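Understanding the architecture of this molecule
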Amino acid sequence: IEAARSKEKGEAPLLHMLFAGNPGTGKTTVARLLGELFYERGILKRGHLVEVNSADLVAGFVGGTAIKTTRVVESALDGVLFIDEAYALSEEGRGGYGVEAIDTLIPFLENDRHRLVVIFAGYSSRMRHFMESNPGLARRIPRENRFMFPDYLPEELWEILKHDLIRRSI
């Protein structure tokens, strides 16, 4: 709601996010729901989700990564770009091409924030290193937009199952 009000005032809200947690904790589902919510609120024109990983952004030759990353970002404009296992972009052993992808993303995070929400996702410990890999990321992903997705405890899973079974039987 605050983002919609900011947009009405002519200000582009900074909505990029970081989702940290193990697989199966709901990160992709929440990203999809956010796209739908931002569309319904008029924050994004389409609200679609483009889900990628580092291999979809990184090329194996100099200059190719910027082209590949730009194409992916352009396909996500007016929606949500969900980069799963984003930490792989900052890990060594990619010949610097992952860093090139991050460097290509940074201007989009700022200049197209009125048309794009980027969600970086991955394991908690590795995402901390990712955020430290480029100061531009930390400036464009406010602390209040960084979310931890904890694993469900067995008791919580049992309660979810019971609730779902009760709901279905009514």
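Computed from a predicted structure; not experimentally measured.

Judged by side-chain polarity, Tyr152, Leu157 and Ile160 come together as a nonpolar surface patch covering roughly 300 Å² of accessible area. Considering the arrangement of structural elements, one finds Leu157 in helix H8 (residues 154–169).

As a further point, take helix H4 (residues 64–76). Across its 13 residues, H4 extends 19 Å between first and last C-alpha, which sits within 8% of the 18 Å expected from 1.5 Å per residue. Where H4 is concerned, the buried positions are Gly64, Thr65, Thr69, Val72, Val73 and Ala76. One face of H4 carries all of its buried residues, which in axial projection span an arc of 160 degrees. In this fold, the buried residues of H4 make contact with strand E2 (49–53), helix H3 (54–57), strand E3 (79–84), helix H5 (97–111) and strand E4 (116–122). Once H4 ends, the next one or two residues include Asp78, with phi positive near 75 degrees.

What follows deals with the side chain of Thr69. Residue placement: Thr69 occurs in helix H4. One polar contact links the side chain of Thr69 to the main-chain carbonyl oxygen of Leu57, over a distance of 2.9 Å. What Thr69 contacts, discounting residues up to four positions off in sequence, is Leu57, Ala101, Thr104 and Leu105.

Let us now look at helix H2 (residues 27–40). Compared with the 20 Å implied by 1.5 Å per residue over 14 residues, the 20 Å span of H2 between its first and last C-alpha is a close match. Listed in full, the buried residues belonging to H2 are Lys27, Ala31, Leu34, Gly35 and Phe38. Viewed end-on, H2 has its buried residues packed into an arc of 100 degrees, placing them on one side of the element. Tucked inside the fold, the buried residues of H2 contact strand E1 (17–21), E2, E3, E4 and strand E5 (146–149). Phi turns positive, to about 80 degrees, at Gly42, one or two residues after H2.

Here the focus is the nonpolar core. In this structure, Leu81, Ile83, Phe120 and Phe130 are the most contacted members of the largest nonpolar core, which totals 31 residues. Mapped by element, the contributors of at least two residues to this core are E1, E2, H4, E3, H5, E4 and helix H6 (124–132). Once residues within four sequence positions are removed from consideration, Phe130 is found in contact with Ala86, Tyr87, Leu89, Ser90, Ile102, Phe120 and Leu137. Counting residues in each nonpolar core, the second largest holds 14 residues, with Leu15, Ala31, Leu34 and Val80 among its members.

Before going further, it helps to spend a moment on unusual backbone geometry. A positive phi angle, near 75 degrees, is found at Asp78, a position not held by glycine. One can find Asp78 in the loop between H4 and E3. In this structure, Glu85 is a non-glycine residue whose phi angle is positive, near 50 degrees. Owing to a relative accessible area of 39%, Glu85 belongs among the partly exposed residues under this scheme.

The rules behind the values
Residues numbered from 1 in each chain as written. Predicted model: local features only at pLDDT ≥ 70, side-chain atom pairs only at ≥ 80, totals over all residues. Heavy atoms only, no water. Patch = residues over 30% accessible without salt bridge, like charges linked within 9 Å, V, L, I, M, F, W, Y side chains within 5 Å. Areas by Shrake-Rupley, 256 points an atom, 1.4 Å probe, with all protein chains shown as cover. Salt bridge = Lys/Arg side-chain N within 4 Å of Asp/Glu carboxyl O. Helix = DSSP H or I, 4+ residues; strand = E, 2+ residues; numbered from the N terminus. Expected span 1.5 Å × (residues − 1). Buried < 20%, exposed > 50% of the residue type's maximum accessible area, 1.4 Å probe, protein only. Arc of directions from axis to C-beta. Contact = heavy atoms within 4.5 Å. Polar contact = N/O pair within 3.5 Å; in protein donor to acceptor, adjacent residues only side chain to side chain. Core = buried A, V, L, I, M, F, W, Y, C linked by side-chain atoms within 4.5 Å.

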